[in-house]
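# Analysis of the macromolecular model
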Amino acid sequence: MADSAFFHPAGTLDADGFEYEVFDPAPSTASVWAATMQHGAPPAAIMVRAMEKLVGDGARISRVTIDLLGVVPITRTRVRAWVARPGRTISLIAAEMDCVDGAGEYRTVARAQAWALAASDTTAIARDLSPALPPAGASQGVMPGFFAHLEDQGFLAACDWKFVDGPDGPDGVKQCWIRAKMPLVAGEEPSPLVQVFSVVDAANGISAYLDPTAVTWMNMDMTVHFHRSPRPVDGWVGLLGDQLVGDEGIGTTVSRLYDGDGAFAVGAQTLLVAAR
């Protein structure tokens, strides 16, 4: 793996009355669907990184929603974040990601929002009925049976994958531990929240029961609801995912997210399902 990070800093930019951070994405951001487009996780993580800087003291992010507005190219990228709704106990933070298009102009490719809530001690009444996620077995590289020809390219090669044998067979709920092999931004130690969003979009891949040579299932969003702050150990994030597909070309990937202490969040992704 030649890349040292998903994004490399390229300074700042003042434009349209806003200040942006500028980055150059590495080839490791590449999606399994095309080598010229980014996987959903790096754009999500780079916006979460920007929003997390605006979370007030004593507050915690409780929900993040990412909307991918189209193909995210692997071109120069700028990101900004702002407080959309300030508040003492509840605030809403927003972010936007622009990439340079074929005409050399910045185009908005993704947006994000995060609720930040005032934290308090609710240890005495805490409850989580999520099923346990077993420890991982030996590393199996990429998703068994899926995209094997891409295991040494792009985002798949940029992560360590360890799958858990599930009780429901190959078409049941999928279980996996995953971590990024590299930081999100070169020269930075990623926060626990950034570590999570660097890999969380993989739920849409590990949960699939469909044949990628016959069907595509692209997600254009992801929403993660946290009931506590994540605490990944050595960057490992557990995913328990399932894919729900209806009869009208629409589906949903649902997931639970885990660290070494158990479940900490639930996620959902909207799918456009279509025959090739």
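### Observations regarding the overall build of the chain
Helix and strand content of the chain: four helices and 13 strands. Against the globule reference of 19 Å for 276 residues, the chain gives a C-alpha radius of gyration of 18 Å, in line with a compact fold. C-alpha atoms of the chain, sized along the principal axes, occupy 55 × 55 × 40 Å. For the chain, the residues scored as buried account for 50% of the 276 residues in total. Considering only intrachain contacts with a sequence separation of at least 6, the fraction spanning at least 24 residues in the chain is 67%. When the accessible surface of the chain is totalled, it reaches about 12900 Å², and 52% of it is carbon and sulfur. Here the chain carries 20 positive and 32 negative side-chain charges, and the mean point of each set is 5 Å from the other.

### With respect to the pairing of strand E13 (residues 262–275)
Pairing of strand E9 (residues 215–219) with E13 involves five bridges; the strand directions are antiparallel. By the bridge assignment, Met 218 is partnered in E13 with Leu 272. As defined by bridge partners, strand E10 (residues 221–226) adjoins E13 across four bridges and the pair is classed as antiparallel. By the bridge assignment, His 225 is partnered in E13 with Val 266. Across 10 bridges, strand E12 (residues 250–259) lies against E13 in antiparallel orientation. Among the inter-strand pairings, Gly 251 is bridged to a residue of E13, identified as Leu 271. Joining the antiparallel neighbours E12 and E13 is a turn of two residues.

### A word on the environment of Gly 246
Position of Gly 246 relative to the elements: it lies in the loop between strand E11 (237–245) and E12. What makes Gly 246 partly exposed here is its relative accessible area of 45%. When the C-alpha atoms of Gly 246 and Gln 113 are compared, they prove to be 28 Å apart, with 133 residues separating the residues in sequence.

### Examining the packing of aromatic side chains
For the structure shown, the criterion picks out seven aromatic pairs. Pairing Phe 7 with Phe 23 gives two aromatic rings, centres 6.0 Å apart and planes at 65°, and the pair type is edge-to-face. Taken together, the positions of Phe 7 in strand E1 (residues 7–15) and Phe 23 in strand E2 (residues 18–25) put the pair 16 residues apart, joining distant regions of the chain. Across the pair, exposure class does not vary: Phe 7 and Phe 23 are buried alike. Considering the side-chain rings of Phe 197 and Phe 226, the 6.1 Å spacing of their centres and the 50° angle between planes classify their relative orientation as tilted. Of this pair, Phe 197 sits in helix H3 (residues 192–197) while Phe 226 sits in strand E10, and the two are 29 residues apart along the sequence. Phe 226 shares its class with Phe 197; the two are buried.

### Focus on the nonpolar core
One finds Ile 46, Met 47, Val 64, Ile 66, Met 97, Trp 161 and Phe 197 to be the most contacted residues of the largest nonpolar core, which totals 57 residues. Ranked by the residues each element gives to this core, the list is headed by helix H1 (residues 41–52), at eight residues. Ignoring anything within four residues of it in the chain, the contact list for Met 47 reads Ile 66, Val 79, Ala 95, Glu 96, Met 97, Ala 110, Arg 111 and Ala 112. Leu 133, Trp 177, Tyr 258 and Ala 263 belong to the second largest nonpolar core, which has seven residues in total.

### Considerations on the pattern of salt bridges
For the structure on display, the rule yields 11 salt bridges. Among the ionic contacts, a cluster of salt bridges with common partners joins Glu 21, Arg 49, Lys 53 and Glu 188.

### So, the side chain of His 39
With respect to the helices and strands, His 39 occurs in the loop between E2 and H1. Side-chain polar atoms of His 39 contact the backbone nitrogen of Ala 41, separated by 3.1 Å. In this view, His 39 contacts Thr 29, Ala 30, Ser 31, Phe 155, Asp 201 and Ala 202; residues no more than four positions away in its chain are not counted.

### Observations regarding the environment of Met 47
By the element assignment, Met 47 lies in helix H1. For the pair Met 47 and Val 266, spaced 219 residues apart in sequence, the C-alpha to C-alpha distance is 19 Å.

### Side note on the side chain of Thr 29
Relative to the elements of secondary structure, Thr 29 occurs in the loop between E2 and H1. From its side chain, Thr 29 meets the backbone oxygen of Ala 26 in a polar contact 2.8 Å long. Setting aside residues up to four positions removed in sequence, Thr 29 forms contacts with Phe 6, Met 37, Gln 38, His 39, Pro 42 and Ile 74.

The rules behind these values
- Residues numbered from 1 in each chain as written.
- Predicted model: local features only at pLDDT ≥ 70, side-chain atom pairs only at ≥ 80, totals over all residues.
- Heavy atoms only, no water.
- Helix = DSSP H or I, 4+ residues; strand = E, 2+ residues; numbered from the N terminus.
- Rg over C-alpha atoms; globule rule 2.2 N^0.38 Å.
- Buried < 20%, exposed > 50% of the residue type's maximum accessible area, 1.4 Å probe, protein only.
- Contact = heavy atoms within 4.5 Å.
- Areas by Shrake-Rupley, 256 points an atom, 1.4 Å probe, with all protein chains shown as cover.
- Lys, Arg positive; Asp, Glu negative; His and termini not counted.
- Charge placed at Lys NZ, Arg CZ, Asp CG, Glu CD.
- Pairing = 2+ DSSP bridges.
- Phe/Tyr/Trp six-rings, centres within 6.5 Å; stacked < 30°, edge-to-face > 60°.
- Core = buried A, V, L, I, M, F, W, Y, C linked by side-chain atoms within 4.5 Å.
- Salt bridge = Lys/Arg side-chain N within 4 Å of Asp/Glu carboxyl O.
- Polar contact = N/O pair within 3.5 Å; in protein donor to acceptor, adjacent residues only side chain to side chain.

This is a description of form; function is not addressed.
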